[in-house]
Amino acid sequence: MSVSVVSIYQEILGRTDDGERPAILGRDPTSYGELRRRVDRLVRRLSDAGAGPGVRIGLALDPGIGYLVSLLGIRAAGATAVLFGTSWTPFEQRRCFLQAQPTWMLTGAEPAVGETAEAVVACEEADGRLYSFRYSPVPVASDPDDAIIIYTSGTTGAPKGVVLSESAISANVRAVAAYLELSKSDSTAVFTPTCYAYAVSQFLTHALAGAGIFPVPSYLRLPMVVPQACSIHRLTGLAANPTSLRIVLGLDIPPEWDLRSVRYVMSGGQFLDRRLVRRLGERFPNTRIVNMYGASENSPRISYHWVEDRGSDDPARFYPVGIPVRDTRVEIRSDDDRPLAAREVGEVVVSGTSMMRGYWRDPEATAAKLRNGWLHTGDLGFLDEAGSLVLTGRASNVINVGNEKVSPEDVERVLLEVRGVAEAGVYGVPDPVTGESVRAQVVVEPGAAVDPETMLQHCRLMVSGYKVPREVRVVDALPRTLYGKLDRAKLKES
Amino acid sequence: MERTLEIIVDYVRGHAPRTAQASDVSALPVYKTLDSIAMMDFIAFLERSFSIRIGDADVLPENFETFADVARLVESKRG
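Residues numbered from 1 in each chain as written. Chains lettered and ligands numbered in written order. Predicted model: local features only at pLDDT ≥ 70, side-chain atom pairs only at ≥ 80, totals over all residues.

Moving on to the overall build of chain B. Counting its regular elements, chain B contains 6 helices and 0 strands. Evaluated residue by residue, chain B yields a buried proportion of 33% over its 79 residues. Restricting to contacts in chain B with at least 6 residues of sequence separation, those with at least 24 account for 49%. (Helix = DSSP H or I, 4+ residues; strand = E, 2+ residues; numbered from the N terminus. Buried ≥ 20, exposed ≤ 12 C-beta atoms within 10 Å, placed from the backbone. Contact = placed C-beta atoms within 7 Å.)

So this is what it looks like as structure tokens:
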């Protein structure tokens, strides 16, 4: 696809009228002028090292000036950024490393990818170091328009790299900045993991608007940082999933902290209920609430809905996710891929200028999800008469722990690696603090002597802490459907 | 104070995920060493071990940057 929208990268880096305006707020305040000087330095360094179009650079940095410099600089050098989580275990890092084959890794800590770097270069401008890796044979080049690859574990548990072009990202960032009416007087806090499209979108929409960004490198480990930053820096917007918003609302916030500057709170990733809306309105008195729907594959925003009421006490009634963002289309399809009429429930499919090019080196997964230009999301919902989308169910089994996502298949595979484990079922249960927490049931092979503690130890070694089950129960059998598939609904109830 | 520090260091070393190398643990901010779940467990551990109450407003970076910061917080709560 040709570049049909003006690149946001060129616009952010080409601006000359905001040299003094703060881009990064907080501990390391940085102006837009300084941001651009640091990006220039990184581009020179990458170009000297030979990084240009077609080359992939792994990026693993926490929210901060270094992350924004890298996000912009890697692309300005013509290369493709592959996003890695900063809390991934060596196993998780290596899996994506082998799939993505980045020639460089730009990180704050030595990458644990099972290979030794050929050379290491300090990158003060990005608050990290650049590690180089050699492959034999030489890995295939990326398309010159590929800006970012984002890994998603999806429903099968195998990592899939969502390839987003510069034009797709530009289209989506512009559409989001437009509906939020972002301007240079806005500012937000970023506490979503930087390997998610959600964080990329927050950084880039605000950079495009010339707005301020307060990075939270402690994420929600220290949730009090969020309301404190709202009060000190007069932040105007927050964006998070309902679980994270509930964590913030549950805090004992000192009454002298002033939260009146927050003009919008954006909720996404999970169902937004009326009780949460009421509580948000009480805590942030001048805020409007916007519900939204996204997927990494659509760079990521698909649709949005400004909530018109003040909520209620009803936690069981949910808001729509609304109308598509500019230049994105949403349809509802039947099982045989026929478009359905208003109020008929079916699979949500999406197309438009924000769509991914496909999954990196995975034509089968691409063909399964992206058919005739339409992304089959696996989510269920309907459109009302006004064209507003209402989600009724998620086909994926993702468990939300705090602001992290856990694919049950990911943990099940790790449990099955333990000698003596015959079957494993992983599911989420409600948790008062983290929204959901991970639980597992396993069936052991007859006569095998394997205890839950051994299984947990193996999980701790292989996957990030938030994915490790809080409890493993040994059972005689797992609930199965008529077709022999794991019955996930029953698993939760048992 | 020294004993408090020792207990804190032992706990964090024992609960740091595999990504944080043992030598790194003292170089990283405490809040980066533990993930969000481990951080909640850590606070509960401090409350239990030292019979103190840590309020939400105490859980800010300035109290969880270094081991000494955590020890100072604990001591101030015991005082």
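A word on the overall build of chain A. The number of helices and strands found in chain A is 13 helices and 27 strands. Counting only C-alpha atoms, chain A reaches 70 × 60 × 50 Å along its principal axes. Taking all 494 residues of chain A together, the buried fraction comes to 53%. Across chain A, every contact between residues at least 6 apart in sequence was considered, and the portion connecting residues at least 24 apart equals 69%.

We now examine the pairing of strand β21 (residues 374-383) of chain A. Residue and element names in this part refer to chain A. Here β21 shows one buried face, formed by Leu375, Thr377, Asp379, Gly381 and Leu383, and one open face, formed by Trp374, His376, Gly378, Leu380 and Phe382. Direction of pairing for strand β18 (residues 346-352) relative to β21: antiparallel, over a ladder of 4 bridges. By the bridge assignment for β21, Glu347 is matched with Leu380. Where strand β20 (residues 370-371) and β21 come together, 2 bridges link them in antiparallel fashion. Residue pairing in the sheet places Arg371 in a bridge with Trp374 of β21. What sits between the antiparallel neighbours β20 and β21 is a turn of 2 residues, in which Asn372 has the positive phi angle 50 degrees. (Pairing = 2+ DSSP bridges.)

This paragraph deals with the nonpolar core. Most often, soluble globular proteins have nonpolar side chains that are buried together. Residues and elements named next belong to chain A. One finds Ile57, Leu59, Leu68 and Leu415 to be the most contacted residues of the largest nonpolar core, which totals 169 residues. Looking at which domains feed residues into this core, each of domain 1 (8-306) and domain 2 (401-493) supplies at least three. Contacts of Leu415, omitting those with residues within four sequence positions, involve Val421, Ala424, Ala440, Val442, Met455 and Cys459. (Core = buried A, V, L, I, M, F, W, Y, C linked by C-beta atoms within 7 Å. Domains from an automatic or database assignment.)

Residue and element names in this part refer to chain A. You can read the domains of chain A as domain 1 (8-306) and domain 2 (401-493). Distance from the C-alpha centre of domain 1 to the C-alpha centre of domain 2: 31 Å. Opposite the 21 residues of domain 1 that make contact, domain 2 presents 12 residues. The leading source of residues in the side of domain 1 that touches domain 2 is helix α8 (residues 242-249), at 4 residues.

What follows is about the packing of helix α1 (residues 2-15) of chain B against helix α4 (residues 36-50) of chain B. Residue and element names in this part refer to chain B. Where α1 meets α4, the axes come as close as 11 Å, and the angle between the chain directions of the two elements is 150 degrees. On the basis of their axis angle, the class for α1 and α4 is roughly antiparallel. Handedness of the crossing formed by α1 with α4: right-handed. Facing Ile7, Tyr11 and His15 of α1, the residues of α4 in contact are Ala38, Phe42, Phe45 and Ser49. For the contact of α1 with α4, the per-class residue count stands at 5 nonpolar, 2 polar and no charged. (Axes fitted to C-alpha atoms, helices over the stretch in contact; angles between N-to-C directions. Parallel < 35°, antiparallel > 145°, perpendicular 65-115°, else oblique. Left-handed = near helix turned anticlockwise from the far one by under 90°. Nonpolar A, V, L, I, M, F, W, Y, C, P; charged D, E, K, R; others polar.)

A word on the interface of chain B and chain A. Opposite the 18 residues of chain B that make contact, chain A presents 23 residues. Sorting the residues of the side of chain B that touches chain A by element identifies α4 and α5 (61-64) of chain B as the ones contributing at least two each. For the side of chain B that touches chain A, the leading source of residues is α4(B), giving 5 residues. The class makeup of the residues in the side of chain B that touches chain A is 12 nonpolar, 3 polar and 3 charged.

Moving on to the sheet that holds strand β5 (residues 104-107) of chain A. Residue and element names in this part refer to chain A. Spatial strand order, β6-β7-β5-β3-β4-β8-β9-β19: 8 strands in an open sheet with mixed pairing. Sheet topology places β6 (119-123) and β19 (358-359) at the edges, where each strand pairs with a single neighbour. In this sheet, strand β7 (residues 128-132) lies alongside β5 in antiparallel orientation, the contact comprising 4 bridges. Within the sheet, the bridge partner assigned to Met105 lies in β7 and is Tyr131.

Another aspect to go through is helix α5 (residues 166-179) of chain A. Residue and element names in this part refer to chain A. For α5, with 14 residues, the first-to-last C-alpha span of 20 Å sits near the 20 Å given by 1.5 Å per residue. With 12 of 14 residues buried, α5 lies mostly within the body of the structure. Considered for burial, the residues of α5 that qualify are Glu166, Ser167, Ala168, Ile169, Ser170, Ala171, Asn172, Val173, Arg174, Ala175, Val176 and Ala177. Against the buried residues of α5 lie α1 (8-14), α3 (65-76), β8 (146-152), β9 (160-165), α6 (197-209) and β15 (301-306). Positive backbone phi, at 50 degrees, marks Glu181, one or two positions downstream of α5. (Expected span 1.5 Å × (residues − 1).)

Glancing now at the confidence of the model for chain B. Looking at chain B, pLDDT values average 84 and 86% of them are 70 or higher. Of all helices and strands in chain B, the one with the weakest mean pLDDT is helix α2 (residues 22-25) of chain B (50), whereas helix α6 (residues 67-78) of chain B scores best (94). (pLDDT = per-residue confidence, 0-100.)

On to the packing of α8(A) against helix α9 (residues 274-283) of chain A. All names here are of chain A. Where α8 contacts α9, the axes come no closer than 11 Å and their chain directions differ by 45 degrees. Taken together, the axes of α8 and α9 lie oblique to each other. Of the two possible hands of crossing, α8 and α9 adopt the one that is left-handed. Residues Pro242, Leu245, Arg246 and Leu249 of α8 lie in contact with α9, whose contacting residues are Leu276, Arg279, Leu280 and Arg283. Of the residues belonging to the contact of α8 with α9, the class tally is 5 nonpolar, no polar and 3 charged.

The next thing to look at is unusual backbone geometry. With an omega of 0 degrees, the peptide bond running from Ser136(A) to Pro137(A) counts as cis. Following the sequence through the fold, Pro137(A) ends up in the loop between β7 and β8. One non-glycine residue, Arg234(A), adopts positive backbone phi at about 55 degrees. Even without glycine at this site, Ser51(B) takes up a positive phi of about 50 degrees. Take Ser51(B): it is sitting in the loop between α4 and α5.

Residues and elements named next belong to chain A. In terms of residue burial, β15 counts as a mostly covered element, since 5 of its 6 residues are buried. One ladder, built from 5 bridges, connects strand β14 (residues 288-294) with β15; its direction is antiparallel. Pairing of Tyr293 across the sheet is with Ser303, part of β15. Counted along the chain from β14 to the antiparallel partner β15, the turn is 6 residues long, and its residue Ser299 has a positive phi close to 65 degrees. Here β15 pairs with strand β16 (residues 323-324) via 2 bridges, running antiparallel.

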